[in-house]
Amino acid sequence: MAIDLNGISVFLAVAEARSFRVAAENLGVTRPAISQAIRRLEDRLGVALVRRTTRSVSLTEAGEQLYQRVAPAISEVGLALDATADRNSAPSGLLRLAVSSIAEQFISGPLLARFADACPAVQIDVTVTDEEFDIVAEGYDAGVRLGEVIDQDMIAVPVSGDQRQCAFAAPSYIERFGMPSHPSELSAHRCIGWRPAPHSAPYRWEFGQDGRDFDVAVDPQITTNDMLLMIRTACAGGGITFGMEDTFEPYVESGQLVPLLQDYCPSFAGFFLYYPSRRNLAPKLRALVDHVKRWR
């Protein structure tokens, strides 16, 4: 049966208004036009949908069933059409992002600055956090984390290339205490560790050898959730620290730190911008996704 979209639209207007007059005013047509559209729809379906008296308008049982089934579907069609139209509108509004503290390239690099230039009507609110939570439930539009910890039901777009975690120490520390030749020797060294939260255990340092991954539970003399504090303490000769290679690269290039145990530091999938699997993205989020794709 061919779908009479005009008749269905008129029927929904009558069902919601419970008045031919009000439905006619809402649709900008005459009352006879409303009556004719309802009559044609009833004739096509072979069943009465509307019960009309001189004082009131109500739905028959068949009309009520049709309304309950059709109204949500038409609403979805309307949302889809609005979303399609919005794709061409200028992105605007508040864009809330939850970003891992070690996502150095996203937080401090030019990616966000260039996006802000391209979308001046978008306000960007970035929360740097290592807590694990549902970004949707907490009201965030998207997040940036390592790919290995992102839920499978999320859409993920690469923000960085592959990453490595390595150990680092200052030349002054190496001169005093020597350089470990294997991760197992780290227990004999002063270490500067990282933890995500006050009551969390220090992060275990992860390595690889002969295709096998393993971790080392170092006993840090200094533990913090502040990456900059780790770096500054390591640069001052306070111990060996461990983290993302890209984060420490400027300090290695300047000679303040030396990478250690590199043969035991395999690469892995890097950081991803992730967001819920939704059919219709808000223009502000779609603009960010497109920007990240172009950036990569």
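Presented here is a report on the structure given in the accompanying data block.

Scoring rules and cut-offs
Residues numbered from 1 in each chain as written. Predicted model: local features only at pLDDT ≥ 70, side-chain atom pairs only at ≥ 80, totals over all residues. Heavy atoms only, no water. Helix = DSSP H or I, 4+ residues; strand = E, 2+ residues; numbered from the N terminus. Rg over C-alpha atoms; globule rule 2.2 N^0.38 Å. Buried < 20%, exposed > 50% of the residue type's maximum accessible area, 1.4 Å probe, protein only. Contact = heavy atoms within 4.5 Å. Areas by Shrake-Rupley, 256 points an atom, 1.4 Å probe, with all protein chains shown as cover. Lys, Arg positive; Asp, Glu negative; His and termini not counted. Charge placed at Lys NZ, Arg CZ, Asp CG, Glu CD. Patch = residues over 30% accessible without salt bridge, like charges linked within 9 Å, V, L, I, M, F, W, Y side chains within 5 Å. Salt bridge = Lys/Arg side-chain N within 4 Å of Asp/Glu carboxyl O. Pairing = 2+ DSSP bridges.

Of regular secondary structure, the protein possesses ten helices and 15 strands. The C-alpha radius of gyration computed for the protein amounts to 30 Å, which surpasses the reference 19 Å derived for 296 residues by more than 25%, pointing to a less compact arrangement than a globule. The principal-axis extents of the C-alpha atoms in the protein amount to approximately 100 × 35 × 35 Å. Every one of the 296 residues in the protein was classed for burial, and the buried ones make up 40%. Long-range pairs, those at least 24 residues apart, make up 73% of the contacts in the protein with a sequence separation of at least 6. A total of about 16,600 Å² of accessible surface is found on the protein, and carbon and sulfur atoms cover 48% of it. Seen as two clouds, the 28 positive and the 37 negative side-chain charges of the protein have centres 13 Å apart.

Another point: a negative patch on the surface. On the surface, Glu-131, Asp-134, Glu-138, Asp-151 and Asp-153 cluster together into a patch of negative charge. Relative to the helices and strands, Asp-153 resides in the loop between β5 (142-146) and β6 (154-158). What makes Asp-153 exposed here is its relative accessible area of 55%.

Before going further, it helps to examine the pairing of strand β9 (residues 205-209). Summarising the sheet, β9 and strand β10 (residues 212-216) pair through five bridges and their orientation is antiparallel. Residue pairing across strands places Phe-207 opposite Phe-214, the latter belonging to β10. Where β9 folds back on β10, the antiparallel hairpin that results is connected by two residues, among which Asp-210 adopts a positive phi of roughly 55°.

On to a positive patch on the surface. The grouping of Arg-31, Arg-39, Arg-40 and Arg-52 at the surface amounts to a positive patch. At three residues, the largest contribution of residues to the positive patch is made by helix α3 (residues 31-45). Within the fold, Arg-39 resides in helix α3. Under the relative-accessibility criterion, Arg-39 is labelled partly exposed at 47%.

In this section: a nonpolar patch on the surface. Taken together, Ile-3, Leu-5 and Ile-74 make up a surface patch of nonpolar side chains, about 300 Å² in accessible area. Of note, Leu-5 is situated in helix α1 (residues 5-17). Take Leu-5: its relative accessible area is 55%, and that puts it in the exposed class.

Take the pattern of salt bridges next. Oppositely charged side chains are able to pair whenever their charged atoms sit close together. What the rule picks out here adds up to six salt bridges. For the salt bridge of Arg-21 with Glu-25, the shortest nitrogen-to-oxygen distance reads 3.1 Å. With Arg-21 and Glu-25 both in helix α2 (residues 20-27) and four residues apart, the pair spans about one turn of that helix. In this structure Arg-21 comes out as partly exposed when scored by relative accessible area, which is 42%. A relative accessible area of 52% means that Glu-25 is categorised as exposed. For Glu-132, the salt bridge goes to Arg-145, with nearest N and O atoms at 3.8 Å. Of the two residues, Glu-132 is situated in the loop between β4 (122-128) and β5 and Arg-145 in strand β5; the sequence distance between them amounts to 13 residues. For Glu-132, a relative accessible area of 68% translates into the label exposed. Residue Arg-145 is classed as buried on the basis of its relative accessible area of 16%.

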